[in-house]
Amino acid sequence: MTGAAHPRDRMIVALDLPGVAEAQAMTERLGDTVSFYKVGLELIYAGGLDFAKRLIGDGKKVFLDLKFHDIPNTVSRAAEQVARLGATYLTVHAYPQTMKAAVAATQGSGLTLLAVTVMTSYDDADLQAAGYGMTVKDLVARRARQAQEAGVGGLILSPEELAATRALLGPGMRLVTPGIRPAGASLGDQKRAATPGSAIAAGANALVVGRPITQAQDPRASAQAITAEIAAALA
Ligand SMILES: O=C(O)c1cc(=O)[nH]c(=O)n1[C@@H]1O[C@H](COP(=O)(O)O)[C@@H](O)[C@H]1O
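Reading the values: the criteria
Residues numbered from 1 in each chain as written. Predicted model: local features only at pLDDT ≥ 70, side-chain atom pairs only at ≥ 80, totals over all residues. Heavy atoms only, no water. Buried < 20%, exposed > 50% of the residue type's maximum accessible area, 1.4 Å probe, protein only. Helix = DSSP H or I, 4+ residues; strand = E, 2+ residues; numbered from the N terminus. Arc of directions from axis to C-beta. Contact = heavy atoms within 4.5 Å. UniProt positions renumbered as here; feature names shortened; annotations may be inferred. Near = heavy atom within 4 Å. Polar contact = N/O pair within 3.5 Å; in protein donor to acceptor, adjacent residues only side chain to side chain. Areas by Shrake-Rupley, 256 points an atom, 1.4 Å probe, with all protein chains shown as cover. 1 Å grid on protein atoms, 1.4 Å probe; cavity = no way out; pocket = protein on both sides within 12 Å on 5 of 7 lines; lining within 4 Å. Sits in = over half its atoms within 2 Å of the grid points. Nonpolar A, V, L, I, M, F, W, Y, C, P; charged D, E, K, R; others polar. Points joined across faces, edges and corners; volume = space filled by probe spheres on them. Pairing = 2+ DSSP bridges. Axes fitted to C-alpha atoms, helices over the stretch in contact; angles between N-to-C directions.

**A word on helix α7 (residues 162-169)**
Consideration 1: Within α7, burial applies to Leu162, Thr165, Arg166 and Leu169. Burial along α7 is one-sided: seen end-on, the buried residues are contained in an arc of 100°. Residues of α7 that are exposed and angled more than 90 degrees away from the buried face: Ala164 and Ala167.
Consideration 2: Along its buried surface, α7 packs onto α6 (136-150), β6 (154-156), β7 (174-177) and α8 (196-201).
Consideration 3: Just beyond α7, the residue with positive phi is Gly170, at close to 85°.

What follows is the structure, given as structure tokens:
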């Protein structure tokens, strides 16, 4: 499996915060305990793209969680723009047309695409309500195979599907999982969740962690505890 140099590099902190001032304050508090940040929909519409570029300039890795899904021409042109920014990851929804367009547009760039399989806030009943006649497990497996066929470099999936997806796709696919909750932490809107240690033990390359760090009394201590749990699971 593709490994990261330090357990810290496997923890991606989601900066789901209302503005750049809050994000700046959070990254200052976290300091060198965090090397990898996710900038997503909340922050991106509040100056987050320029902030992401600053993070990259400061030597941090950045995951742009933009969750593209559109017609191929639009996806392709937008993905070309993102590929120029110097980010490490970009999310696209795991629809074959979308994935193929994004792969063609970003080939040869330093950007790795992560295909979002089934959101971690969904369970089987939510999928039924959205019109899918499949279980979460089966839809994740179907989309995982399609992502591999499309040439996408990684997947977003829940901790619950990690082991089966690793067995299905082998070591080459990067498996990145949100839905991470240290023991005893509140689930919030997450329905398919696990602890950092169990997600790493089940084969995750990297974990996305938001509120358990950004809403903690002591975000730095929380980040350090999660890194220690990752290190213990890798040992
Ligand atoms: O694409 C994502 O990053 C994502 C996919 C998914 O299925 N579930 C999910 O929670 N996420 C993101 O991961 C982060 C999880 O945040 P917390 O629940 O606060 O740890 C949020 O920024 C979500 O947007």
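**Quick word on the environment of Pro196**
Consideration 1: If you trace the backbone, Pro196 turns up in helix α8.
Consideration 2: As for Pro196 and Leu155, which are separated by 41 residues in sequence, their C-alpha atoms are 17 Å apart.
Consideration 3: Leave out the neighbours within four places in its chain, and Pro196 touches Ile180, Arg181, Pro182, Leu207, Ile226 and Glu229.

**What to know about the side chain of Thr165**
Consideration 1: Secondary-structure assignment places Thr165 in helix α7.
Consideration 2: On the basis of relative accessible area, Thr165 is assigned to the buried category, the value being 3%.
Consideration 3: Among all residues touching Thr165, those that are not within four sequence positions of it are Val140, Ala144, Leu155, Leu157, Gly170 and Leu175.

**Here's the deal with the UniProt feature "domain: Orotidine 5'-phosphate decarboxylase" (unreviewed entry) in the protein**
Consideration 1: The positions UniProt marks with the feature "domain: Orotidine 5'-phosphate decarboxylase" (unreviewed entry) are residues 10-226.
Consideration 2: Annotation note: span residues 10-226, helix share 45%, strand share 17%, distance between end C-alpha atoms 10 Å.

**Re the site of the ligand**
Consideration 1: Surveying the vicinity of the ligand reveals 16 residues, the closest of which are Asp16, Lys38, Thr120, Arg181 and Arg211.
Consideration 2: Measuring from an oxygen atom of the ligand, one finds a side-chain N or O atom of Arg211 at 2.7 Å.
Consideration 3: Contact with the protein chains hides 91% of the accessible area of the ligand, taken as 510 Å² for the molecule alone.
Consideration 4: With respect to the detected pockets, the ligand is housed in the largest pocket.
Consideration 5: At the level of secondary structure, the elements contributing two or more residues to the shell around the ligand comprise β3 (61-68), β8 (206-209) and α9 (211-214).
Consideration 6: Of the residues contributing to the shell around the ligand, the split by class is 7 nonpolar, 3 polar and 6 charged.

**Topic: the layout of surface pockets**
Consideration 1: There is about 610 Å³ of room inside the largest pocket.
Consideration 2: As for the largest pocket, its lining consists of 30 residues, of which Asp16, Lys38, Lys67, Pro178 and Gln190 are closest to the centre.
Consideration 3: Broken down by class, the residue content of the lining of the largest pocket amounts to 13 nonpolar, 9 polar and 8 charged.

**Some words on the sheet that holds β8**
Consideration 1: Strand order in the closed barrel made by the 8 strands is β1-β2-β3-β4-β5-β6-β7-β8, with parallel pairing throughout. Averaged over neighbouring strand pairs, the angle between their axes works out to 25° when direction is ignored.
Consideration 2: Contacts from helix α3 (residues 72-83) reach β3 and β4 (89-93) within the one sheet, and its direction differs from that of β3 by about 165°.

**Topic: the pairing of β8**
Consideration 1: Where burial is concerned, the two faces of β8 agree: the one with Ala206 and Val208 and the one with Leu207 and Val209 are both buried.
Consideration 2: Bridging between strand β1 (residues 11-14) and β8 involves 3 bridges; their strand directions are parallel. Bridge pairing in β8 places Met11 opposite Leu207.
Consideration 3: For β7 and β8, the ladder comprises 2 bridges, and the chain directions are parallel.

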